[in-house]
Amino acid sequence: MIPLKNQPRTQKTGYKLGHGKRTVDLKIATWNITRLFRTGSCQNLVDVLDTYGIKIAALQEIRRTGTGQLKVGEYIIFFSGLENRHFFGTGFAIHKSLELYVRQFNPVSERISVLRVDTIPMNMVLICVHAPTEVSTNNDKDAFYEDLDRIYDKTPGNVIKIILGDLNAMCGKENQFQPTIGRESLHNISNDNGLRIISFASSKNLVISSTTFPH
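Residues numbered from 1 in each chain as written. Predicted model: local features only at pLDDT ≥ 70, side-chain atom pairs only at ≥ 80, totals over all residues. Heavy atoms only, no water.

Enquirer: Any details on the overall build of the chain? Residues and values, ideally.
Expert: Along the chain, the regular secondary structure elements total four helices and 12 strands. A buried classification covers 52% of the 215 residues belonging to the chain. If you take every contact in the chain between residues at least 6 apart in sequence, the share linking residues at least 24 apart comes to 55%. (Helix = DSSP H or I, 4+ residues; strand = E, 2+ residues; numbered from the N terminus. Buried < 20%, exposed > 50% of the residue type's maximum accessible area, 1.4 Å probe, protein only. Contact = heavy atoms within 4.5 Å.)

Spelled out as structure tokens, the structure:
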């Protein structure tokens, strides 16, 4: 699990694509892009991804309306947003070399979208999320985590599941949470959003990797 924000963060993994015909290193990133509807913004995005060799990027605050996909340079951008407002929105940017291995894009909402990639020995399911901020109402937070819990649980168990995106959370260094969060947080005390993501992660036997490894 990679709850990161504000700049592209990467994690490189080696998986076989398709039916074992080739093995590639997949550099996967997450980026709160803040807007992707203004002139030139899509080209700027793919230029950065190409520079860093990122094959898949989970994107938050795309702010494009509706759902769909578009091709920009070497990448295909899948997006899920609100129908009539340039606000929120999640999705993925996929390098064109992986297009044949994308089995499904599920635009759940403006805050959650899911990408299924054909890898072996198990498929990979990436869940891109953008959680409500710390000052949001409890109702908004509860609704988000109810949706995330439902999406995670209904995904078949024989896949690699990775949740990544902007959780708007501050995880601390509490001893009782270290099996889930590790020891590398920049904060000492978890806030409400931090406690929520820790609770979710521990209930699913997940690890929050952004506080597990040193930066």
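Text resumes after the structure shown.
Enquirer: Tell me about helix α1 (residues 41-51), and please be specific about residues and values.
Expert: Within the sequence span of α1, burial applies to S41, C42, L45, V46 and L49. When α1 is viewed along its axis, its buried side chains cluster within an angular range of 130° and face the same direction. Seen from the buried face of α1, the exposed residues on the opposite side, beyond 90 degrees, are N44 and T51. (Arc of directions from axis to C-beta.)

Enquirer: Lay out the pairing of strand β6 (residues 75-80) in plain terms, naming residues and giving numbers.
Expert: Here is the key point about a regular strand: its side chains alternate between the two faces of the sheet. In terms of residue burial, β6 counts as a mostly covered element, since six of its six residues are buried. Because side chains alternate across β6, one face comprises the buried residues Y75, I77 and F79, and the other comprises I76, F78 and S80, equally buried. Following strand β5 (residues 67-72), the chain reverses through two residues before pairing antiparallel with β6; G73 in that reversal takes a positive phi of roughly 60°. Bridge count for β6 against strand β7 (residues 90-95) is six bridges, and the pairing is antiparallel. Residue pairing for β7: F79 is matched across the bridge by G91. (Pairing = 2+ DSSP bridges.)

Enquirer: So what's going on with the packing of helix α2 (residues 138-154) against helix α4 (residues 192-203)? Residues and values would help.
Expert: Viewed as axis vectors pointing N to C, α2 and α4 meet at an angle of 20°, and their least axial separation amounts to 12 Å. The angle between the axes of α2 and α4 places the two elements in the roughly parallel class. The crossing of α2 and α4 is right-handed. Of the residues in α4, those touching α2 at N138, K141, D142, Y145, L148, D149 and Y152 are D192, N193, R196, I197 and F200. (Axes fitted to C-alpha atoms, helices over the stretch in contact; angles between N-to-C directions. Parallel < 35°, antiparallel > 145°, perpendicular 65-115°, else oblique. Left-handed = near helix turned anticlockwise from the far one by under 90°.)

Enquirer: Please set out the packing of aromatic side chains residue by residue, giving values where relevant.
Expert: Here the structure, examined in full by the defined rule, presents five aromatic pairs. Measuring from ring centre to ring centre gives 5.0 Å for F144 and Y145, while their planes differ by 85°; the resulting arrangement is edge-to-face. As far as the burial class goes, F144 and Y145 line up, both buried. For the pair Y152 and F200, a centre-to-centre distance of 6.0 Å together with 85° between the ring planes defines the contact as edge-to-face. Here Y152 is found in helix α2, whereas its partner F200 is found in helix α4, with 48 residues between them in sequence. Judged on exposure class, the residue Y152 and its partner F200 are both buried. A network of ring pairs unites the aromatic residues F144, Y145, Y152 and F200 as a single cluster. Cation over ring: R64 sits above F79, and NZ or CZ is 5.4 Å from the ring centre. Above the ring of Y152, the side-chain terminus of K161 is found at 4.2 Å from the ring centroid. (Phe/Tyr/Trp six-rings, centres within 6.5 Å; stacked < 30°, edge-to-face > 60°. Lys NZ or Arg CZ within 6 Å of the ring centre and 35° of its normal.)

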